[in-house]
Amino acid sequence: MAAALRLAVAVTCALVLASACQGLQVGYYKKTCPRVEHIVRAEVKKFVYKNAGIGAGLIRLLFHDCFVQGCDASVLLDPTPANPQPEKLSPPNFPSLRGFPVIDAAKDAVEKACPGVVSCADIVAFAARDAAYFLSRFRVKIDMPAGRLDGRVSNASEALDFLPPPVFNITELVGSFAAKGLGVEDMVVLSGAHTVGRSHCSSFVPDRLAGVPSDINAGFANVLRRRCPADPTPADDPTVNQDLVTPNAFDNQYYKNVLAHKVLFTSDAALLGSPETAKMVKDNAYIPGWWEDRFKEAFVKMSRVEVKTGKQGEIRKNCRVVNHDHAYKHY
């Protein structure tokens with residue numbers, strides 16, 4: 001019986017994301033740094049209550065970290081002579097990715113309490129969880145497992161390879177998430193994070209407003225044309241809220257916007273591109289609490305993608321540099 005149980009567990013581990021069987025657990029720091037989650041939450045609260053957009057940035061930061069090299073804080077690494085082009089400087093991340101000072105502040109506070117114990121990757125996951133909690137007015141409460149290690153590799157080209165761009169159609173989106181072990185519903189549910197945050201005009205104007213036929217609502221398109229230059233440049237590239245109805249609330253309004261054709265990206269509109277995903281959009285839009293419950297599960301699942309354990313990683317002293325700079329090679 002015991003042997004059969006062990007076999008069943010082994011088979012299960014082979015079928016789910018490998019990281020789910022690599023020691024990630026809720027309360028991971030209970031003995032080694034018992035106050036870590038309180039410390040991170042206090043830092044996130046300070047920043048988010050001053051600027052809700054930082055909260056949106058922290059949620060996006062985890063997504064952009066996990067899809068490249070796994071959830072290993074590789075997106076935090078600054079350029080060095082050995083690696084002048086880390087993920088942080090890749091077009092999907094620069095200059096739009098926000099939240100780095102929050103992670104720095106949280107890491108400093110955690111290091112004072114428990115030096116050398118808590119990884120930057122776990123701090124990114126905790127901070128994203130806390131941002132969702134505050135922006136949802138405490139409705140999205142996530143039990144975030146921990147135990148990730150920090151990676152030593154960060155390559156700008158990989159961000160282009162793995163982060164789904166805003167021009168993706170439904171087939172491309174499903175494939176991009178499947179490559180990270182995430183299902184169709186995970187993709188639809190995680191897309192709901194576009195209910196907060198802002199986008200640069202350059203991310204949607206050429207694809208959605210450049211005179212080509214589009215399924216975007218005409219009145220909404222006119223609002224965007226008033227706010228965006230017809231040909232955005234790095235010197236003239238304003239931002240607009242992704243959700244014009246409840247821009248700072250982490251809620252299910254995004255799905256109502258998708259149904260009304262009032263979304264910025266092709267990848268948002270694409271969620272209506274198959275009967276399966278269109279039904280998910282409607283459920284998320286109209287059934288109270290449906291999206292929030294599913295988001296908690298999908299967010300944790302994403303936070304387990306390709307985590308590093310054992311000798312694969314380290315616990316950085318400074319989230320912006322690897323512990324031994326000479327080990328930080330450009331791959």
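Since this is a predicted model, take the numbers as computed values, not measurements.

Some details on the packing of helix 3 (residues 52-66) against helix 5 (residues 120-135)
Thinking step 1. Where helix 3 contacts helix 5, the axes come no closer than 8 Å and their chain directions differ by 135 degrees. Our classification of the angle between helix 3 and helix 5 gives oblique. The handedness of the crossing between helix 3 and helix 5 comes out as left-handed. Contacts between helix 3 and helix 5 pair Ala52, Gly55, Ala56, Leu58, Ile59, Leu61 and Leu62 from the former with Val124, Ala125, Ala127, Ala128, Ala131, Ala132 and Leu135 from the latter.
Thinking step 2. Its residues assigned to classes, the contact of helix 3 with helix 5 comprises 13 nonpolar, one polar and no charged.

Re the environment of Ser214
Thinking step 1. For Ser214, the position within the fold is in the loop between helix 9 (205-209) and helix 10 (218-227).
Thinking step 2. C-alpha of Ser214 to C-alpha of Thr266: the two residues are 52 residues apart in sequence and 9.1 Å apart in space.
Thinking step 3. Within polar-contact distance, the side chain of Ser214 engages the side chain of Arg208 at 3.5 Å.
Thinking step 4. Within the structure, Ser214 has its side chain in polar contact with the backbone nitrogen of Ile216 (distance 3.3 Å).

Topic: helix 8 (residues 184-191)
Thinking step 1. A large share of helix 8 lies buried, amounting to six of its eight residues.
Thinking step 2. Burial in helix 8 covers these residues: Asp186, Met187, Val188, Val189, Leu190 and Ser191.
Thinking step 3. As for helix 8, its buried residues are in contact with helix 7 (170-178), helix 11 (253-259), helix 13 (275-286) and helix 14 (290-303).

Quick look at unusual backbone geometry
Thinking step 1. Cis peptide bonds are those with omega within 30 degrees of zero, and the linkage from Phe94 to Pro95 qualifies with 10 degrees.
Thinking step 2. Here Pro95 is to be found in the loop between helix 3 and helix 4 (100-113).
Thinking step 3. Here Phe138, not a glycine, exhibits a phi torsion of approximately 75 degrees, which is positive.
Thinking step 4. In this structure, Phe138 sits in the loop between helix 5 and helix 6 (156-162).

Focus: the pattern of salt bridges
Thinking step 1. Inspection of the entire model under this criterion finds 17 salt bridges.
Thinking step 2. A salt bridge links Asp122 to Arg148; the shortest N-O distance between them is 2.6 Å. Taken together, the positions of Asp122 in helix 5 and Arg148 in the loop between helix 5 and helix 6 put the pair 26 residues apart, joining distant regions of the chain.
Thinking step 3. Overall, Asp122 belongs to the buried group, its relative accessible area being 0%.
Thinking step 4. Glu306 is the salt-bridge partner of Lys180, the closest N and O atoms lying 3.3 Å from each other. Taken together, the positions of Lys180 in the loop between helix 7 and helix 8 and Glu306 in the segment after helix 14 put the pair 126 residues apart, joining distant regions of the chain.
Thinking step 5. Here the residues in one salt-bridge network are Glu37, Arg41, Arg129 and Asp130, joined through shared partners.

Points about the nonpolar core
Thinking step 1. One finds Leu76, Phe250, Phe295 and Phe299 to be the most contacted residues of the largest nonpolar core, which totals 82 residues.
Thinking step 2. Element by element, the count of residues in this core is highest for helix 5, at 13 residues.
Thinking step 3. Discounting residues that sit within four places of it in the chain, Phe250 has contacts with Ile59, Ala132, Leu135, Ser136, Val140, Ala193, Thr195, Val196, Trp291 and Phe295.
Thinking step 4. Among the nonpolar cores identified, the runner-up in size contains twelve residues, and Cys201, Phe204, Ile216 and Leu264 belong to it.

Some words on helix 4
Thinking step 1. Taking 1.5 Å per residue as the helical rise, helix 4 with its 14 residues ought to reach 20 Å, and the 20 Å between its terminal C-alpha atoms agrees with that figure.
Thinking step 2. Restricting attention to buried positions, one finds in helix 4 the residues Phe100, Val102, Ile103, Ala106, Lys107, Ala109, Val110 and Glu111.
Thinking step 3. Buried residues along helix 4 sit in contact with helix 2 (36-50), helix 3 and helix 5.

About the thresholds
Residues numbered from 1 in each chain as written. Predicted model: local features only at pLDDT ≥ 70, side-chain atom pairs only at ≥ 80, totals over all residues. Heavy atoms only, no water. Axes fitted to C-alpha atoms, helices over the stretch in contact; angles between N-to-C directions. Helix = DSSP H or I, 4+ residues; strand = E, 2+ residues; numbered from the N terminus. Parallel < 35°, antiparallel > 145°, perpendicular 65-115°, else oblique. Left-handed = near helix turned anticlockwise from the far one by under 90°. Contact = heavy atoms within 4.5 Å. Nonpolar A, V, L, I, M, F, W, Y, C, P; charged D, E, K, R; others polar. Polar contact = N/O pair within 3.5 Å; in protein donor to acceptor, adjacent residues only side chain to side chain. Buried < 20%, exposed > 50% of the residue type's maximum accessible area, 1.4 Å probe, protein only. Salt bridge = Lys/Arg side-chain N within 4 Å of Asp/Glu carboxyl O. Core = buried A, V, L, I, M, F, W, Y, C linked by side-chain atoms within 4.5 Å. Expected span 1.5 Å × (residues − 1).

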